[in-house]
Amino acid sequence: MGWFGFQPEVVDYSFREMVFKAAQRAYEDAGGLDPRGEVDAFVSCQEDFWEGISIADEFAPDPVGGAMKPVYTVAGDGLQCVGQAYMMIRSGLFDVVVVESHGKPSDVETLDEVMFMATDPISIRPLALENVHALAALEARAYMAEFGVAEEHLDAVVEKAHKAGVKNQRAVFASPGRSRSATPVVAEPLREADIAKFVDAAVVVVLASERVAKKYNDAPVWVDGVWWSTETSTLELHNWAFPLHAREAADGAYAQAKIADPFKEVDFAEVDNRYAFKELQHIEALRLAPRGMAKDLLADGAFCPGGRLPVNLSGGALAEGVPFEAHGLARLSYAVGVMRGEIKAEVDRAETAVVHSWRGVPTTTSVVAVLRI
Amino acid sequence: MTGRNLNFKHRVAVVGAGLTLFRRRMLETPQELAWLAARQALDEAGLTLKDIDCVVIGSAPDAFDGVHMKGEYLAEGAGGIRKPVVRVYVGGATGVFVPIAAWWHAASGLCKRVLAVAEEKMSHAAKPHPQYVFRYIWDPVVERPISPNLLWIFAMEMHRYMYKCNVKKEDIALVAVKNKRNACGHPSAQLCNPHIKVEDVLNSEVLVWPVNRLDVSPVSDGAAAVVLASEEEARRITDTPVWIKGIGWTLDTTHWTNRELAYPEYVRRAAEMAYRMAGIDNPRKQIDVAEPYDPFDYKELHHMEGLGLAKRCEAPILTREGVTQRDGDLPINPSGGLLGVGNPIAAAGLMKVAEIFWQIRGEAGARQVKKPVYTGLAQAWGDLMQAGTVIVMGI
């Protein structure tokens, strides 16, 4: 595992140099793995419009040492690349697969416009929404109305994220003194503090089959299950109040990992919280709380550091920021750090973790991975 | 290295294929095109969307369809809703990569029936021409400032090949003539021309010398789909599954300026990976029919050599001798290829896989090659003259 950046603006390195740095660290972490000789395939997770380059996958091979080797790109979150690597290894054809994802939002001048380009060109784009967060605000309203979630519950999510983030060395946005209710409204009910900022980062992960993993690491963290799902991409038809995609992804991953009761069997979780209300939604979708109960368990401290089932010990996207498609790998790398004991976190047991990613509005795709040591 | 363990738990077969018309300015939306192809593939396999466990989508630059995160958008038409759906991407080589990725979905044992869909809608992209999208594929620092055009670099490659192999434009034009004539047997074809002659190609407008207009495939819209299944499922679905015997792909460095343009080494390595898996040591003898990627006529020759179907610089000779004709000893692009059927980037690559599937099943109709087909190959190419994807299928 290797990462680089997690700064609002990495000025001295291009995206390729950032990936190179992250890859170098990952290979060092994997016992000095030689990418030219010991890696069977490389997967890159990125999107053209974020890169500002058409056919951006052209740039995937060199920074990870993959030139003239099997390299391909997945237009999705980094955790989805982990899912592909998992399948590749399980097929028996590949032993070592490297996954890369990066984001350099500070290079993008027109972020809102780019995000809006992801909406349906016929049914949504003519609305010319001035603020793409309005789509998330509608989801927040639907969720809050259906499950009786109030503004103070969102206050609690934000407060928890910033408090936890203070202990995370790469959480540049963690500011525990900041009160959510004092920040301006962006799109009712979302306030500025509800919305994660973007951040520049690159993360590289090395995955290996059971046959060869011990060669690179004495104490590997096992991927016990990974699954993903997409709900309808037609915005007007999707479920606004509950992220079904996260539920289905979680159920698939739990089935592979033979987890029957996630609330009891999972020790801690890293979930997408790029909007504060999403953390509550995703906790419920991942069956870490009954529907509508996440807010109450949060109030009881269950999801806080040191609680019954800590969620986002890192502070999540609210504290670290969103490095575009590298966000899922950011969640994964933090969880791995905690499980290996490299990150001192307030968690009773760190043997089973669940990691989740979502790609932000207007997408309806989630990926969930179950990790074990 | 890859291919070490060939004892797969699950063999994987193709059990159905579908294809839309390839045309410029189709009225259907990208989602609708994807669904037309997907449904045809499902119908051919006798399945419905409910039977599909996983979906793999392929589409080249988002800028063609004009949608950011195109995979999320296409999930709708490609049948990916409430299912695990992923969009894979290796530029122009994506079409053949879609069934490669679908292969490990099934070979991993995690999905039993996989729908692989490729779609591209180029004709409404960018103004004044879809080529404009290619202004943004370059290194943003060292290349974009000189405003290169994609045709320029392929003209350089063609020229280099002509120089190294001492090939005349007349020899290369034979490929365009063959493929545009072959396309007349294809119900989806955009550019069938039964009367085309070498002189027509040579006399068409020069775009960037030595590339003339009829040396190049057209701008197209279209979609293609195949259904893959694990062995147990495949045998349940059909009596004539077509097995995926080998997969391979390679990406060379982004720095195309440092490449020997006369020979696609990355295609050779991709083919080597696929051949090793398929147990092929003499492709010229063991491959009965091939669909190498032919966005330009010289590329068919280039790729035949990279794939080991011809020795270096031998492909133009085989073409001149008629070996690559539909009734020849080694039929190449009996579908009509991209030059004849059309080139909706990712869909064009998957069209080639569908063609090999139909050839092996003996269902290619007017395009069926004369010799018996046991093993076939499809290949695509993309990025900055950098990516090669290869799939070997057989009975």
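Below is a summary of the structure that appears in this document.

1. Examining the overall build of chain B
Along its length, chain B carries 14 helices and 11 strands. Along the longest, intermediate and shortest principal axes, the C-alpha atoms of chain B span 50 × 45 × 45 Å. For chain B, the residues scored as buried account for 69% of the 395 residues in total. Long-range contacts, defined here as pairs at least 24 residues apart, represent 77% of the contacts in chain B between residues at least 6 apart. When the accessible surface of chain B is summed, it comes to about 13000 Å², and 51% of that surface belongs to carbon and sulfur atoms.

2. Looking at the overall build of chain A
Tallying secondary structure elements over chain A gives 14 helices and 11 strands in all. What you see for chain A is a C-alpha radius of gyration of 19 Å, in line with the 21 Å of a compact globule of 373 residues. By its C-alpha atoms, chain A is 55 × 45 × 35 Å across when sized along the principal axes. Looking at chain A alone, contacts between residues at least 24 apart form 74% of all its contacts between residues at least 6 apart. As presented, chain A carries roughly 12200 Å² of accessible surface, and 52% of it is formed by carbon and sulfur atoms. Side-chain charges in chain A split into 35 positive and 55 negative, and the spacing between the mean points of these groups amounts to 5 Å.

3. Section: the interface of chain A and chain B
Each partner contributes residues to the interface: chain A has 65 residues there, and chain B has 67 residues. Of the roughly 5500 Å² buried between chain A and chain B, counting both surfaces, carbon and sulfur atoms make up 58%. Sorting the residues of chain A by area buried against chain B places A:Glu58, A:Met68 and A:Leu93 first, and these three jointly supply 14% of that buried surface. Between chain A and chain B we count four salt bridges in total. Between B:Arg82 and A:Glu248 there is a salt bridge, with its nearest N and O atoms 2.5 Å apart. Linking chain A to chain B there are 29 residue pairs in polar contact (both at pLDDT 80 or more). Looking at the side of chain A that touches chain B, the elements with two or more residues in it are helix 3 (48-51), strand 3 (71-74), helix 4 (78-91), helix 5 (111-116), helix 8 (210-216), strand 8 (222-230) and helix 9 (244-257) of chain A. For the side of chain A that touches chain B, the residue count by class is 31 nonpolar, 17 polar and 17 charged. Examined bridge by bridge, strand 3 of chain A and strand 3 (residues 85-89) of chain B share two bridges and lie antiparallel to one another. If you follow A:Thr73 over to strand 3 of chain B, its bridge partner there is B:Tyr89.

4. Brief notes about the environment of A:Phe324
All names here are of chain A. Mapped onto the secondary structure, Phe324 falls in the loop between helix 13 (316-320) and helix 14 (327-340). Using a relative accessible area of 4% as the deciding quantity, one classes Phe324 as buried. Setting aside its immediate chain neighbours within four residues, Phe324 contacts Trp50, Gly103, Lys104, Pro105, Val108, Leu111 and Phe198.

5. Regarding the side chain of B:Gln31
Of note, B:Gln31 is situated in helix 1 (residues 30-45). For B:Gln31, the contacting residues outside a window of four places in its chain are A:Asp120, A:Ser233, B:Tyr73, B:Leu74, B:Glu76 and B:Gly77.

6. Notes on the pairing of strand 2 (residues 54-58) of chain B
Residues and elements named next belong to chain B. Most of strand 2 is tucked away: five of the five residues are buried. Because side chains alternate across strand 2, one face comprises the buried residues Cys54, Val56 and Gly58, and the other comprises Val55 and Ile57, equally buried. Relative to strand 4 (residues 113-121), strand 2 runs parallel, the two sharing five bridges. Considered in strand 4, the bridge of Val56 is made with Ala116. In the sheet, strand 2 pairs with strand 3 via four bridges, with the strands oriented parallel. Each residue of the ladder has a partner; that of Val56, found in strand 3, is Val86.

7. Comments concerning the packing of helix 4 of chain A against helix 14 of chain A
All names here are of chain A. Contact geometry of helix 4 with helix 14 gives a least axis separation of 5 Å together with a crossing angle of 70°. When the interaxial angle is binned, helix 4 and helix 14 end up roughly perpendicular. Contacts from Gly78, Leu79 and Val82 in helix 4 reach Gly328, Leu329 and Leu332 in helix 14. Along the lines of polarity and charge, the residues of the contact of helix 4 with helix 14 split into four nonpolar, two polar and no charged.

8. Some points on the pattern of salt bridges
All told, the structure shown has 55 salt bridges over all chains when counted by the stated rule. Here B:Glu231 ties to B:Arg11 by a salt bridge, and the two come within 3.3 Å at their closest N and O atoms. Of the two residues, B:Glu231 is situated in helix 8 (residues 231-237) and B:Arg11 in the segment before strand 1 (12-19); the sequence distance between them amounts to 220 residues. By relative accessible area, which is 26% here, B:Glu231 ends up partly exposed. Among the charged side chains, a network of salt bridges with common partners joins A:Glu47, A:Glu325, A:Arg359, B:Asp62, B:Glu72 and B:Arg87.

9. What about the state of the cysteines?
Residue and element names in this part refer to chain B. This model, assessed by the stated rule, comprises four disulfides over all chains. Through a disulfide, Cys54 is tied to Cys111; the S-S separation comes to 2.0 Å. On the S-S bond that ties Cys54 to Cys111, the torsion sits near -75°, and the link is left-handed. Separated by 57 residues along the polypeptide, Cys54 in strand 2 and Cys111 in the loop between helix 4 (94-107) and strand 4 bring together distant segments of the chain. Cys111 shares its class with Cys54; the two are buried. Bridging Cys184 to Cys192, the disulfide has an S-S length of 2.3 Å. Disulfide Cys184 to Cys192: torsion about the S-S bond roughly 90°, handedness right-handed. Residue classification places Cys184 among the partly exposed positions, given a relative accessible area of 34%. For chain B, the bonded cysteines connect in the pattern 1-2, 3-6, 4-5 when numbered consecutively along the sequence.

10. A closer look at the nonpolar core
Core analysis: the biggest nonpolar cluster contains 259 residues, and A:Tyr72, A:Leu286, A:Leu332, B:Trp104, B:Trp249 and B:Met393 have the highest contact counts within it. In terms of residue count, the dominant contributor to this core is helix 14 (residues 345-361) of chain B (12 residues). In this structure, B:Trp104 is in contact with A:Tyr72, A:Gln84, A:Met87, A:Met88, A:Ser91, A:Phe94, B:Phe97, B:Ile247 and B:Trp249, ignoring residues within four places of it in sequence. By size, the runner-up hydrophobic cluster in this structure holds 28 residues, among which are B:Ala34, B:Leu47, B:Val55 and B:Leu74.

Parameters and conventions
- Residues numbered from 1 in each chain as written.
- Chains lettered and ligands numbered in written order.
- Predicted model: local features only at pLDDT ≥ 70, side-chain atom pairs only at ≥ 80, totals over all residues.
- Heavy atoms only, no water.
- Helix = DSSP H or I, 4+ residues; strand = E, 2+ residues; numbered from the N terminus.
- Buried < 20%, exposed > 50% of the residue type's maximum accessible area, 1.4 Å probe, protein only.
- Contact = heavy atoms within 4.5 Å.
- Areas by Shrake-Rupley, 256 points an atom, 1.4 Å probe, with all protein chains shown as cover.
- Rg over C-alpha atoms; globule rule 2.2 N^0.38 Å.
- Lys, Arg positive; Asp, Glu negative; His and termini not counted.
- Charge placed at Lys NZ, Arg CZ, Asp CG, Glu CD.
- Buried area = accessible area lost by both parts, 1.4 Å probe.
- Salt bridge = Lys/Arg side-chain N within 4 Å of Asp/Glu carboxyl O.
- Polar contact = N/O pair within 3.5 Å; in protein donor to acceptor, adjacent residues only side chain to side chain.
- Nonpolar A, V, L, I, M, F, W, Y, C, P; charged D, E, K, R; others polar.
- Pairing = 2+ DSSP bridges.
- Axes fitted to C-alpha atoms, helices over the stretch in contact; angles between N-to-C directions.
- Parallel < 35°, antiparallel > 145°, perpendicular 65-115°, else oblique.
- Disulfide = S-S within 2.5 Å.
- Core = buried A, V, L, I, M, F, W, Y, C linked by side-chain atoms within 4.5 Å.

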